[in-house]
Amino acid sequence: MDKPKVVLGVSGGIAAYKACELLRRLTESGHDVRVVPTASALHFVGAATWSALSGNPVSTEVWDDVHEVPHVRIGQQADLVVVAPATADTLARAAHGLADDLLTNTLLTARCPVVFAPAMHTEMWEHPATQENVATLRRRGAVVIEPAVGRLTGVDTGKGRLPDPGEIFEVCRRVLARGVTEPDLKGRHVVVSAGGTREPLDPVRFLGNRSSGKQGYALARTAAARGARVTLVAANTTGLPDPAGVDVVPVGTAVQLREAVLKAAADADAVVMAAAVADFRPATYAAGKIKKKDGQDPDPIVLARNPDILAEISADRARPGQVIVGFAAETDDVLANGRRKLERKGCDLLVVNEVGERKTFGSEENEAVVLGADGTEIPVPYGPKEALAETVWDLVSERLR
Ligand code: CTP
């Protein structure tokens, strides 16, 4: 089978160096990548780097290799065009249909999905000119990823950072697999909890669990790709990059997670509780480190019950019609236990995983059955956590309609 053909457009911003990582991920995962930098991009990263990493020739102008008509061919043959970073200038030229270099020619001739990952200073991003250009591109069907918030060039911080290259790669992979789909969650606010809570015993110890947060992050990423405004309440997920365009609220304990979820759920259309919430916490917290005493048995740890957040938000919905989804990890009698848990918690959907050796914790893959309060039972075969996330949003989206 031919490798999918991806055009990586790079425009002139300091974040151009991060596009090298995106390029590496694309080539290593079996894509044939043609890099088309703008002339300004070459001030940041030279043609030799792009050519060596992609294994393909690199040019910026329509006057190179004219006999091959590259200004038409590259766009026509592409399965996906991704522009990262997309500067304010490149967005403007794309929105207005200018064709003054190879990248803008490629954008005009491409009939495949196009993804823009903007990066610029906050003022430039917020300027009405840029916002109108972004709206124009989106109206025409392009995917424009929201910039991340954080450190910009120099001492500035704010919205305008290029999202993590791994996250841009995930958007590309999704668009290649599914095309630019109708953003069925547009205008919706969804809340996803992810990770595992940690319940402190003393300043250095906690009771925790093995949840990596990957399933919750996949849910957040796919909801954002489907147009939703996403709040991701993330419990101890250090190391996972923020999904592009998602509002991340970091928390530690079950009590903090409850507070953050209740706050975000107030105006949410859907809440998905993918976090592994500790059912119990140490009843007392030792302000100083607990020391061992020679010759004495350790004191037992007394536990106190944590609030059941899923049951609480299901019983007392913040909005009529709000859809609530829970997760359950079971080892035996999976479906019967899942059905009972669905009833006990009072949610609309319950994603039931069978936990075992290779499955669920920390892995990239998952297998589940989604039980509906209406008696439905949707099996999701073993596959990427993204695929399970898409099924969850399909079912949520149906219920919101
Ligand atoms: N959950 C929650 N608050 C808690 C515990 C769990 O909101 N204090 C949510 C989880 O986020 C998950 C679902 O409830 O969506 C299932 O949690 P689980 O721990 O499997 O359910 P339990 O009621 O604790 O059942 P079990 O008897 O299996 O421990």
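A brief look at the structure comes next. (Residues numbered from 1 in each chain as written. Predicted model: local features only at pLDDT ≥ 70, side-chain atom pairs only at ≥ 80, totals over all residues. Heavy atoms only, no water.)

What to know about the overall build of the protein
Tallying secondary structure elements over the protein gives 14 helices and 19 strands in all. Over its C-alpha trace the protein gives a radius of gyration of 24 Å, about what one expects of a compact globule, namely 21 Å for 401 residues. For the protein, the residues scored as buried account for 49% of the 401 residues in total. Relative to all contacts within the protein whose residues are 6 or more apart in sequence, the contacts with residues 24 or more apart total 68%. Surface exposure of the protein reaches about 19,400 Å², of which carbon and sulfur atoms provide 52%. Side chains of the protein carry 47 positive and 52 negative charges; the gap between the two charge centres is 2 Å. (Helix = DSSP H or I, 4+ residues; strand = E, 2+ residues; numbered from the N terminus. Rg over C-alpha atoms; globule rule 2.2 N^0.38 Å. Buried < 20%, exposed > 50% of the residue type's maximum accessible area, 1.4 Å probe, protein only. Contact = heavy atoms within 4.5 Å. Areas by Shrake-Rupley, 256 points an atom, 1.4 Å probe, with all protein chains shown as cover. Lys, Arg positive; Asp, Glu negative; His and termini not counted. Charge placed at Lys NZ, Arg CZ, Asp CG, Glu CD.)

Considering the site of the ligand
The ligand sits among 14 residues. The nearest are Met273, Ala275, Leu310, Phe327 and Lys341. One of the backbone nitrogen or oxygen atoms of Pro307 is found 2.9 Å away from a nitrogen atom of the ligand. Notes on the ligand: free accessible area 580 Å², of which the protein chains cover 77%. Listing elements by their share of the shell around the ligand, those giving two or more residues are helix 12 (309-315), strand 16 (323-330) and helix 13 (334-345). Top element by residues in the shell around the ligand is helix 13. It accounts for three residues. Split into classes, the residues belonging to the shell around the ligand amount to eight nonpolar, one polar and five charged. (Near = heavy atom within 4 Å. Polar contact = N/O pair within 3.5 Å; in protein donor to acceptor, adjacent residues only side chain to side chain. Nonpolar A, V, L, I, M, F, W, Y, C, P; charged D, E, K, R; others polar.)

Let's talk about the side chain of Asp101
Looking at where Asp101 falls in the secondary structure, it is placed in the loop between helix 5 (88-95) and helix 6 (102-109). Judged by relative accessible area, Asp101 falls into the buried class, the value being 8%. Of the polar contacts made by the side chain of Asp101, one reaches the side chain of Arg93; its length is 3.4 Å. For Asp101, the residues in contact, after removing those within four places along its chain, are Thr38, Thr60, Val62 and Arg93.

Quick notes on the pairing of strand 1 (residues 5-10)
Of all six residues that make up strand 1, five are buried, and the element is covered over most of its length. One ladder, built from six bridges, connects strand 1 with strand 2 (residues 32-37); its direction is parallel. Bridge pairing links Gly9 to Val36 in strand 2. A crossover links strand 1 with its parallel partner strand 2, the connecting element being helix 1 (residues 16-28), and its sense is right-handed. Looking at chain direction, strand 1 and strand 3 (residues 80-86) are connected through four bridges and run parallel. Looking across to strand 3, one finds that Gly9 is bridged to Val83. (Pairing = 2+ DSSP bridges. Right-handed = clockwise from strand over helix to strand, strands pointing away.)

As for the pattern of salt bridges
Opposite charge on two side chains makes pairing possible when the charged atoms of those side chains draw close. Applying the stated criterion across every chain, the model contains 27 salt bridges. Measuring nitrogen to oxygen at the nearest pair gives 2.5 Å for the salt bridge that ties Glu386 to Arg221. You can see Glu386 sitting in helix 14 (residues 385-400) and its partner Arg221 sitting in helix 10 (residues 214-225), a full 165 residues away along the chain. With respect to class, Glu386 is no different from Arg221; both count as buried. The salt bridge involving Arg258 is made with Glu312; its shortest N-O contact spans 2.8 Å. With Arg258 in helix 11 (residues 254-265) and Glu312 in helix 12, this pair connects stretches of sequence that are 54 residues apart. Because the salt bridges share partners, they merge into one network encompassing Arg174, Arg178, Asp184, Arg226, Glu390 and Asp394. (Salt bridge = Lys/Arg side-chain N within 4 Å of Asp/Glu carboxyl O.)

Points about the sheet that holds strand 11 (residues 229-235)
If you walk across this open sheet you meet the eight strands as 12-11-8-13-16-17-18-19, and the pairing is mixed. Where the open sheet ends on each side, the last strands, each with one partner, are strand 12 (247-251) and strand 19 (377-384). Across this sheet, the average inter-strand angle for adjacent strands is 20 degrees, counted without regard to direction. Where strand 13 (residues 270-273) lies against strand 16, four bridges are found, and the strand directions are parallel. For Ala270, the partnering residue across the bridge sits in strand 16 and is Val323. (Axes fitted to C-alpha atoms, helices over the stretch in contact; angles between N-to-C directions.)

Structural notes on the sheet that holds strand 5 (residues 143-144)
Strand order in the open sheet made by the five strands is 2-1-3-4-5, with parallel pairing throughout. The two strands at the open ends of the sheet, each matched to only one other strand, are strand 2 and strand 5.

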